[in-house]
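Coordinate analysis (summary)
Listed below are the residues making up each chain.
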Amino acid sequence: MKIETIDLNFMHTQQVIASFLLLGEDGAALVETGPTSCLDRLTAGLKEHGVSQGDVRHILLTHIHLDHAGASGHLSELLPNATFYVHEVGYPHLVDPSKLVKSATRIYGESMDELWGEARPVPEDRVVTLKEGEETAVAGAVLVAHDTPGHAYHHLAYLEPDSGVLFTGDVAGIRLPGQSYVRPPTPPPEIDVDAWVKSINHIRKIDPNSLWPTHFGCYEDVGRHLGELEQRLQDWLLFVEGQMDDGAERDEISEELRAKGDAEMLAEGADTTQSEHYDLAGSYPMLTDGLMRYATRRREKR
Ligand SMILES: [Zn+2]
């Protein structure tokens, strides 16, 4: 199996959202579709790699957020032989995206169309649900689904055991090419830091050779990467809780978190231009909303 990374050029910016094209003896597969707003770029990418629309047999989705799976409905029309694979909790939203679109509209408002484009349903008979450990034969290889909640309840990572490649969706965070910095994507409404840390430990047990985050690329310093993600996830949660205790409001907390995050990036040798690129995959106001919501719910439970 050969892996080609299709850069979806999200918001005219390179290396923010990837779709991974797997090529092998029995046709082609995709991990992630990207949003409908990047559909032309995705179909052009298939063409560039000599893949016809009938060649794509499998589309594996890590979760159903619009930046990862938003183009699924359109693709079910364009790629007649493709079966879609998704976590069982994500399934209802793939075959009827109306609720998902409604909740995304609450977050993104008037930018919905520019960012994501239209989300159409995928016909039920084109979708297969996967659970922990289930295998799918794709593109001359086998991919094993791993249940990895935290960023979303319904999140799967996909391992190719022979190469040790792990497609991590958002569970291994956001990391852009040339950078060591890992930003935890913590949008509302589902983030669960405890579950996320368990998923990071789950990935450590899987012991992959490389991590392939959708935002963006491929990294081999697996232990360091996961360590940084776990540490920052816990640290940012405590930071946001502390700000809430001090009576700070959301916008203020978001700005404080940005200042903290940017300082951490600088310390790792990145600059603030990089921060803007990371923002396209997970912006501070959104990350703050998710962490505040999680912190509030956690307190209510105590
Ligand atoms: Zn994402």
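The structure contained in this document is the topic of the report that follows. (Residues numbered from 1 in each chain as written. Predicted model: local features only at pLDDT ≥ 70, side-chain atom pairs only at ≥ 80, totals over all residues. Heavy atoms only, no water.)

1. Some words on unusual backbone geometry
Working note: non-glycine residues mostly have negative phi, and peptide bonds are mostly trans. Short version of the rule: In this text, helices come from DSSP runs of H or I with a minimum length of four residues, and strands from runs of E with a minimum of two, each type numbered from the N-terminal end.
A cis amide bond, omega 0°, links Pro188 with the succeeding residue Pro189. With respect to the secondary-structure elements, Pro189 resides in the loop between strand E10 (165-169) and helix H7 (193-206). Omega for the bond connecting His215 with Phe216 falls within 30 degrees of zero, at -5°, which places this linkage in the cis form. By the element assignment, Phe216 lies in the loop between strand E11 (210-213) and helix H8 (222-245). Even without a glycine there, the phi angle at His12 is positive, about 55°. Tracing the backbone shows His12 in the loop between strand E1 (2-7) and strand E2 (18-24).

2. Section: the coordination of the zinc ion
Operational definition: The donor set covers N, O and S atoms within 2.8 Å of the metal, switching to 3.2 Å for Na, K and Ca, and it leaves out water, so a site may look short of donors. Only two sets of limits are used to name each site, 85 to 135 degrees for every angle of a tetrahedral four-donor site, and over 155 degrees for opposite donors with all other angles from 65 to 115 for a square planar four-donor or octahedral six-donor site, with any other site named irregular. Each residue gets one of three labels from its accessible area relative to the maximum for its type: buried under 20%, exposed over 50%, partly exposed in between, using a 1.4 Å probe on protein chains only.
The protein atoms that coordinate the zinc ion are Asp67 (OD), His68 (NE2), Asp170 (OD) and His215 (NE2), at distances spanning 2.0 to 2.3 Å. Coordination geometry of the zinc ion: the four donor atoms subtend angles of 82 to 153° at the metal centre, consistent with an arrangement described as irregular. Counting along the primary sequence, the residues that act as donors to the zinc ion give the motif D-H-x101-D-x44-H. Highlighted residues: Asp170 in the loop between E10 and H7 and His215 in the loop between E11 and H8, separated in sequence by 45 residues. Exposure remark for His215: the relative accessible area of 0% places this residue in the buried category.

3. Re the pairing of strand E7 (residues 135-138)
How we decide: Pairing between strands is defined by DSSP: at least two bridges between the two strands are required.
In E7, alternate side chains face the same way, and those of Thr136 and Val138 are buried while those of Glu135 and Ala137 on the opposite face are not. As paired elements, E7 and strand E8 (residues 141-147) share four bridges and run antiparallel to each other. In the sheet register, Ala137 faces E8, and the bridge partner there is Val142.

4. Observations regarding the packing of aromatic side chains
For the record, the criterion: Ring pairs shown here join Phe, Tyr and Trp side chains whose ring centres sit within 6.5 Å, with only the six-membered ring taken for Trp; geometry is labelled stacked below 30 degrees between planes, edge-to-face above 60, and tilted in between. Both a distance and an angle decide whether a charge sits over a ring: NZ of Lys or CZ of Arg must be within 6 Å of the ring centre and within 35 degrees of the ring normal.
Overall, the coordinates contain seven aromatic pairs when judged by the stated rule. Measuring from centroid to centroid gives 5.8 Å for Trp236 and Tyr284, while their planes differ by 45°, and the two rings are tilted. Here the residue Trp236 occupies a position in helix H8, and Tyr284 occupies one in helix H11 (residues 284-301), the gap between them amounting to 48 residues. Among the aromatic residues, those joined into a cluster by ring pairs are Phe10, Tyr108 and Trp116. Directly above the ring of Phe239 sits Lys260, whose terminal nitrogen or CZ lies 5.2 Å from the centroid.

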